Amino acid sequence: MANSLVWKDLSMKQIYDYQALRSTQDCQRFIRNIFKLGTDDRSAILLDLYYYTLNFAKENGFTSEQTSAFFSIVRETHLNAMSSPLINMDKDYAFFKTLLLRHSVRRPPFSDKVFDHAEMKAGTEYMTHTYFRHYLMYKYAFTKKLRLDMVVEGFGGGGSAVAADGASGDELAEHEVAAGDAGSIAGGELVKETDGQNVSGGAGTAIDAGAASDVQAETPAASDAQASASHGHGQPSASSQREPPAQKDAMSPQQQPATAVQPQPLASVSEQLDKQAASSQQPMDAPKLQPNASKHDAAVSDLRGFISSVLSAKLDDIRTSLQSKLSVQEDALLAKLRRLDGSIEEDKDKKKDIKGKPKK
């Protein structure tokens, strides 16, 4: 038979030599030499598996052909099960049953009958109570440990982080432009106020020296107007032309802001603009944490959506199955109640009939 495992791992001479040994140490030494097992933990586990398999065959009176076949079936099952770190007990058990059936049915060239029904049943029970009962322990000892590192990110991955960093720079530029626009708007309002009002009632603030020079240029014109007005009333013109410097000196501190106090608000406005720019630059380091927070929220929402999408179908199936079972049980209970009511009514009718019959 092409797929036969007879004499694959153990020859007839090796089986006879093994069965001639008496002590456990000699048997284990014999197995260790055949399969070249070391002294590590895995070799010790394999030695234990091989020894008890051959011991089972010897106790059940297997022939040399049956012993070789059963030993190779156990060894092939173990190698197939340990070839993957995943837990596939059903598939591995099906693989074992396939190998055992292949050696229990005479159907050449596909299979050959090495075991009868009783021997096949004994071998299945042995593997079920020994190897597959400790299946997870064999997996732990002979396969690599799997570790799943799951990283949940929002849609976009690293691109979102780059976009967040770029957004911080754009926000900084927007803050700077906004600060500049605020300064220009404030300056325009102040210039308009100074142009629209008189020198004595001018605005209390100005932002550039040009506005101050315009105001200073307007003061001689105002003084000339006052001089002409005083000349029209009959006062000497010479004295009236010299009055503006005297008026400037005699001005009270409340009337001087248009000329002497205007440079001070320029400094105050610049200081305010500097403070605004500094306040706009200080929180710029904080928004770097906002994209991370949004990523976390997006990841949580995505995970919740994934769980709900995966479990919703199962929950619907469970709900429908429970509802169907409850409806069936309810129908059965109603049928029983109807039967009970019918039997009770029949008993009542029988009693009535018995009471209605005359006694002889």
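Just so it is clear, the model here is predicted, and its values are computed rather than measured. (Residues numbered from 1 in each chain as written. Predicted model: local features only at pLDDT ≥ 70, side-chain atom pairs only at ≥ 80, totals over all residues. Heavy atoms only, no water.)

**Some words on the overall build of the chain**
The test is simple: Here a helix means four or more residues in a row that DSSP labels H or I, a strand means two or more in a row labelled E, and each is numbered from the N terminus. When accessible area is computed with a 1.4 Å probe and restricted to protein chains, residues below 20% of their type maximum are described as buried, those above 50% as exposed, and intermediate ones as partly exposed. Only heavy atoms enter the contact rule, under which two residues are in contact if any of them lie within 4.5 Å. Per-residue accessibility takes into account occlusion by the displayed protein chains alone, with areas from the Shrake-Rupley method and a 1.4 Å probe.
A count of helical and extended segments in the chain gives 14 helices and zero strands. Burial statistics for the chain: of 360 residues in total, 24% are counted as buried. Counting only contacts in the chain whose residues sit at least 6 apart along the sequence, the fraction spanning at least 24 positions is 67%. Accessible surface computed for the chain: about 24,900 Å², of which carbon and sulfur atoms make up 56%.

**A look at the pattern of salt bridges**
The following threshold applies: Definition used for salt bridges: Asp or Glu carboxyl oxygen within 4 Å of a side-chain nitrogen of Lys or Arg.
Across all of its chains, the model carries seven salt bridges by this definition. Glutamate 76 serves as the salt-bridge partner of lysine 8, at 2.8 Å between the closest nitrogen and oxygen. Placement of the pair is lysine 8 in the segment before α1 (12-20) and glutamate 76 in helix α4 (residues 64-81), with a sequence separation of 68 residues. A salt bridge links arginine 75 to aspartate 9; its shortest N-O distance comes to 3.4 Å. Placement of the pair is arginine 75 in helix α4 and aspartate 9 in the segment before α1, with a sequence separation of 66 residues.

**Examining the confidence of the model for the chain**
Rule in force here: The predictor attaches a confidence to each residue, called pLDDT, with possible values from 0 through 100.
The predicted model of the chain averages 73 in pLDDT, with 59% of residues at 70 or higher. Confidence drops under pLDDT 50 across residues 157-179; counting only partners more than four residues distant or on other chains, this segment forms 14 contacts. A low-confidence stretch, residues 281-291 stays under pLDDT 50, and its non-local contacts, those more than four residues away or across chains, total eight contacts.

**So, unusual backbone geometry**
Residue proline 109 is reached from proline 108 by a cis peptide bond, and omega for that bond is 5°. Residue placement: proline 109 occurs in the loop between α5 (89-102) and α6 (117-129). The backbone of tryptophan 7 shows a phi angle near 65°, a positive value even though the residue is not glycine. One can find tryptophan 7 in the segment before α1. Judged by relative accessible area, tryptophan 7 falls into the partly exposed class, the value being 35%. The backbone of lysine 36 sits at a positive phi, close to 55°, despite the residue not being glycine. Tracing the backbone through its elements, the reader meets lysine 36 in the loop between α2 (24-35) and α3 (41-59).

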